[in-house]
Amino acid sequence: MSALRILVPVKRVIDYAVKPRVNKAQTGVETAGVKHSMNPFDELSVEESVRIREKKSAPGGVEDITVISAGPTKAQDILRTAMAMGADRAIHVEVKEGEDLEPLSVAKLLKVAAEQHKSNLVILGKQSIDDDANQTGQMLAGLLGWPQATQASKVEFGENDSVSVTREVDGGSETLRAKLPMVITTDLRLNEPRYASLPNIMKAKKKPMEKKTLADFGITAERRLKVVKVTEPPVRQGGGKVEDVDGLVSKLKELGAI
Amino acid sequence: MASRCTRAPALARLATRGPTAATRLGRVQPLPRSHARCLSTTRSGWLHQTAPRQAAQVKFSSETYPELKRDSRYSQLRQEHVAYFKGVLGSESAIIDGVTNDNAADDIEPFNADWMRKYRGHCKLVLKPGSTAEVSSILSYCNKHGLAVVPQGGNTGLVGGSVPVFDEIVINMSRMSQIIEFDQVSGTLVAEAGCILEVADQFLASKGYIFPLDLGAKGSCQIGGNLSTNAGGLRLLRYGSLHGTVLGIEAVLPDGTVVDDLGKLRKNNTGYDLKQLFIGAEGTLGIITKVSIQCPQRPKAQNVAFFGIESYEKAQQAFREAKGHLSEILSAFELMDGGSQELVRSVTKNKKPLEGDYPFYCLVETSGSNAEHDSEKLSAFLEDVMEKGIVADGTLAENETQIKALWAWREGITESLGHLGGTYKYDVSIPLAEMYQLVEDTRARVDAAGLLGETDEHPVRAVVGYGHMGDSNLHLNISTRRFDKRVEQCLEPFVYEWIQERQGSISAEHGLGLQKKKYIHYSRSETMVQLMRSVKSSFDPVSGHQLSLLHRYPYTSCAEVMITGIH
Ligand SMILES: Cc1cc2nc3c(=O)[nH]c(=O)nc-3n(C[C@H](O)[C@H](O)[C@H](O)COP(=O)(O)OP(=O)(O)OC[C@H]3O[C@@H](n4cnc5c(N)ncnc54)[C@H](O)[C@@H]3O)c2cc1C
């Protein structure tokens, strides 16, 4: 079996424990001064890649794990985190803050990156929690002409470059088999990402990080979609509290329920 | 019930790890390895799987401590008393009446038994006043009729002070929970005493401020209870003690007099600062009804590192380095020994943050206003302690969920121990150099007495230590399979004498309560105790046949206590 060369795209998003707020202009979510971290689905992709290597689950072994992120300079922080978790190298593609790429542009960029790096497996998060598009992996597989298995909850390797991917579907699970090269997107039950250890955080500082621009991939940040408006979900009407049974009865009467 | 049912926030957090269970809705929920935001997954019900604490199984304090005798000079509760209280409180939900209603026993139990299931009283009447005026009417009536009372907040106190011993009336403050006002410029918060700490903090968070106190019981404890125990908590290192942050107090004295010292300004040097006496008085001087407190700006950037450390010696070095490198951004430095972490793991079944096992772990938190600036300092610190070999292994939280999950390994200890059986708790202050020695000496002693072991015939499961290292405050916990008098006799007064020899405090932050009242002389001289007695009698005069109303049996009816304690 061929040795794996895994490409793992990662995205910097608002930390998933932070409550997002819509900006004043209603064009998006407020990002200034808000804690950012790695898209949680991408953490699963990094973890899975590192586990495939550590557990020697692929017969041909893992030759390389490259993480790539297109985003502002601060995206380098999450690339370092990914390397602290065990990735070998990183590529940072500088995109100005606010000039976000659409899924198709990202897919085009990743296609070039996969070709340049001779990747035979791309593991992506099924979606990023900022725009919830859930498109990039599928588009990438299309552009590359590779088989894809989305929303993986288990990844296993067999002989002759075959890969089995289990995915959770309504009311059960489905197992797909395909041959490398292929695209996999991750879902929540795939694994439990590790804490990066301090020695690995230190080592990650010395791992190589290539700095690139969109032009290096022949991409422009072209936009086909326009965000018309972003609004908060309607505020849930809080339930009222009554003091006692009498209070309850009079409230029910007031509402015409009894 | 309300006072006891929300007690597991830290564990709920522990049940989740990594990004697997966060929700964008603010609080981290106990979801099973799933991403709440993108999937509609049901909650795991972690909390429901653990057996609810049955108050009924708790032994009565009057049986555990037969030397405590009800003082017959206190009146027995009668129907006419209840009728008066019903008149004062009006609403039915403000009173749980087990005097005239035999079916109320189940409803009263949660107010009778303490959080640790170690102390339990025989109370038959719970009053929940809704205003200062109601508190005043209740106390003045009790004072006239010789009825003993016990003030109760969230009932999370750890020394048995928040529950009755005999038939004292419980005055529960949960209905006085309003936030009254907040000054955006000065950061002064005014709230009623029954306001839950976490509720106050979440309100402040929405204004960009933070409550200057944080502790594991935040989801249940009340700010009035926090003041009454002078709780220290996790960030005393950063924000200082309540004696510094509390600006004003409104309280009701035992005779019903309302003391209005609800100042909102930082400075007021006109005579004695009497409100300070209520802080840490454990309800012996009066009932706190309102609080005004100075709140700092909420830090914009927070980082948490978690270390595995080979020796207590090295933990001290790590603390020194942390102060040196992090100075103004250091907001917590907590110590946990290997035993305590093993117990948390055995209860939560979570994977430990570090690969190997270490005898000690430290949690270091920074809070600052500039993430880049803080990260730079923190990296330099981490590199330094790793290079010097002070720290054997460690991790740095990469996101909010990891921050919470790491904290849960510290905050979840008390709760995990609670799930394993009874715990003898000693909350002590000892000079840092000798702090952990107490745990080792105690372990050796319990072991030598044949009480410690892995099998069921040994009452003690483990002797562990953890605490606020930054404040020289150790929690010595003896985790047992069941409360056993032999264990207590092995521990007391041994632990207190050990501390006295080192001029430490036998109660650093939990108070005296019922547990430690008679041991006050290990940490206070006779002169100090005398002065305390005279303060007590100025606030709660005992004359002729009249009795001291507040602080009840531990303080009034045990002969030994009369001599040594704060009467
Ligand atoms: C999981 C856990 C973690 C904890 N961590 C810490 C910690 O880190 N640091 C720390 O210092 N403590 C800690 N504690 C103990 C701490 O003392 C209490 O959690 C808290 O301060 C008590 O508040 P409460 O509202 O529950 O008061 P209660 O337990 O109800 O009462 C405590 C005492 O105050 C009196 N009292 C309560 N309310 C009033 C009032 N309004 N007026 C007058 N008297 C009143 C009671 O009579 C009693 O003597 C912890 C407890 C738990 C369960």
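Every value quoted in this text rests on a predicted model; they were computed, and no experiment measured them. (Residues numbered from 1 in each chain as written. Chains lettered and ligands numbered in written order. Predicted model: local features only at pLDDT ≥ 70, side-chain atom pairs only at ≥ 80, totals over all residues. Heavy atoms only, no water.)

Notes on helix α2 (residues 75–85) of chain A
Residues and elements named next belong to chain A.
Working step 1: The element α2 is largely enclosed, with a buried count of nine among its eleven residues.
Working step 2: Taken residue by residue, α2 has A75, Q76, I78, L79, T81, A82, M83, A84 and M85 as its buried positions.
Working step 3: Phi turns positive one or two residues past the end of α2, at G86, with a value near 140 degrees. (Buried < 20%, exposed > 50% of the residue type's maximum accessible area, 1.4 Å probe, protein only. Helix = DSSP H or I, 4+ residues; strand = E, 2+ residues; numbered from the N terminus.)

As for the environment of A:E159
Working step 1: The topology assignment puts A:E159 in the loop between β7 (148–157) and β8 (162–169).
Working step 2: Residues A:E159 and A:M209 lie 50 residues apart in sequence; the distance between their C-alpha atoms is 33 Å.

Concerning the site of the ligand
All names here are of chain B.
Working step 1: In the vicinity of the ligand lie 37 residues, with P151, G153, G154, T156 and G157 positioned nearest.
Working step 2: With respect to the ligand, the side chain of T156 contributes an N or O atom lying 2.6 Å from an oxygen atom.
Working step 3: Between the ligand and I288, the relevant distance is 2.9 Å, taken from a nitrogen atom to a main-chain nitrogen or oxygen of the residue.
Working step 4: Contact with the protein chains covers 98% of the free accessible surface of the ligand, which is 970 Å².
Working step 5: Elements with a contribution of two residues or more to the shell around the ligand: β3 (149–152), α8 (223–229) and β9 (287–294).
Working step 6: Here the shell around the ligand gets five residues from one element, more than from any other, and that element is α8.
Working step 7: Residue composition of the shell around the ligand, by class: eleven nonpolar, 23 polar and three charged. (Near = heavy atom within 4 Å. Polar contact = N/O pair within 3.5 Å; in protein donor to acceptor, adjacent residues only side chain to side chain. Areas by Shrake-Rupley, 256 points an atom, 1.4 Å probe, with all protein chains shown as cover. Nonpolar A, V, L, I, M, F, W, Y, C, P; charged D, E, K, R; others polar.)

Section: helix α1 (residues 40–54) of chain A
All names here are of chain A.
Working step 1: With 15 residues, α1 should reach 21 Å at 1.5 Å per residue; the first-to-last C-alpha distance of 21 Å fits that figure.
Working step 2: Judged by how many residues are buried, α1 sits mostly within the fold: 13 of 15 residues are covered.
Working step 3: Count one or two residues on from α1 and you reach K56, which has phi positive near 50 degrees. (Expected span 1.5 Å × (residues − 1).)

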